[in-house]
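Residue-level structure breakdown
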Amino acid sequence: MTRQQLIQSIYDIMENSLELPTLSSFNEDARLNEDLYMDSIMVLQLILHIELDLGIAIPDEVLVPKDFKTVGTLASFLEKQQKVE
């Protein structure tokens, strides 16, 4: 999956599965907590949907808060995870 496809998939999950009301703020630099108002439970739900919907394995031991700061850092993290599989 390309970076742009990953970002679109993140958007789709946030819109359809999480029904996030703050998507007008969505862009690559949007911070998950501050701009999109996602709490830790919502981030965990996002991770679960990424694993199930996109088939990208995310082992617990690689979860680091800095990878979930912005949409862009999350996309970079997912790009790395695709290469590991």
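Residues numbered from 1 in each chain as written. Predicted model: local features only at pLDDT ≥ 70, side-chain atom pairs only at ≥ 80, totals over all residues. Heavy atoms only, no water.

Quick notes on the overall build of the protein chain
In terms of helices and strands, the protein chain carries three helices and zero strands. What you see in the protein chain, going N to C, is helices and strands ordered as α-α-α. At 12 Å, the protein chain has a C-alpha radius of gyration in line with the 12 Å of a compact globule built from 85 residues. The dimensions of the protein chain, computed from C-alpha atoms along their principal axes, are 30 × 25 × 20 Å. Out of the 85 residues belonging to the protein chain, those deemed buried represent 38%. Considering only intrachain contacts with a sequence separation of at least 6, the fraction spanning at least 24 residues in the protein chain is 56%. Surface exposure of the protein chain reaches about 5,000 Å², of which carbon and sulfur atoms provide 52%. (Helix = DSSP H or I, 4+ residues; strand = E, 2+ residues; numbered from the N terminus. Rg over C-alpha atoms; globule rule 2.2 N^0.38 Å. Buried < 20%, exposed > 50% of the residue type's maximum accessible area, 1.4 Å probe, protein only. Contact = heavy atoms within 4.5 Å. Areas by Shrake-Rupley, 256 points an atom, 1.4 Å probe, with all protein chains shown as cover.)

Structural notes on the side chain of serine 9
Among the structural elements, serine 9 can be located in helix H1 (residues 3–17). Beyond its immediate stretch of four places on either side in the chain, serine 9 contacts Met1 and Leu54.

Overview of the side chain of threonine 70
When you line up the elements, threonine 70 lands in the loop between helix H2 (40–54) and helix H3 (71–84). Each residue touching threonine 70, except ones within four places of it in the same chain, is listed here: Glu28, Asp29, Ala30, Arg31 and Leu32.

Structural notes on the UniProt feature "domain: Carrier" (unreviewed entry) in the protein chain
With numbering matched to this structure, UniProt assigns "domain: Carrier" (unreviewed entry) to residues 1–82. For residues 1–82, the helix share is 51%, the strand share is 0%, and the end-to-end C-alpha distance is 8 Å. (UniProt positions renumbered as here; feature names shortened; annotations may be inferred.)

Remarks on H3
Helical geometry: 3.6 residues make up each α-helical turn, so side chains three or four residues apart lie on a common side. If you check H3, its first and last C-alpha atoms are 20 Å apart, about what 14 residues at 1.5 Å a residue would give, namely 20 Å. Buried residues of H3: Val71, Gly72, Leu74, Ala75, Phe77, Leu78 and Gln81, and no others. If you follow the buried residues of H3, they end up packed against H1 and H2. Sitting at the amino-terminal end of H3 is threonine 70, which places a side-chain oxygen 3.3 Å from the backbone nitrogen of glycine 72. (Expected span 1.5 Å × (residues − 1). Polar contact = N/O pair within 3.5 Å; in protein donor to acceptor, adjacent residues only side chain to side chain.)

A closer look at the nonpolar core
In a soluble, globular protein the nonpolar side chains are often hidden away together inside. With 26 residues, the main nonpolar core has Met14, Leu36, Met38 and Leu78 as its most contacted residues. Within the residue set of this core, elements represented by two or more residues are H1, H2 and H3. Every residue in contact with leucine 78, bar those within four places of it in the chain, is listed here: Leu6, Ile10, Ile50, Ile56 and Ile58. (Core = buried A, V, L, I, M, F, W, Y, C linked by side-chain atoms within 4.5 Å.)

Notes on the environment of lysine 83
Along the chain, lysine 83 turns up in helix H3. Here the alpha-carbon distance between lysine 83 and leucine 52, two residues 31 residues apart in the chain, equals 17 Å.

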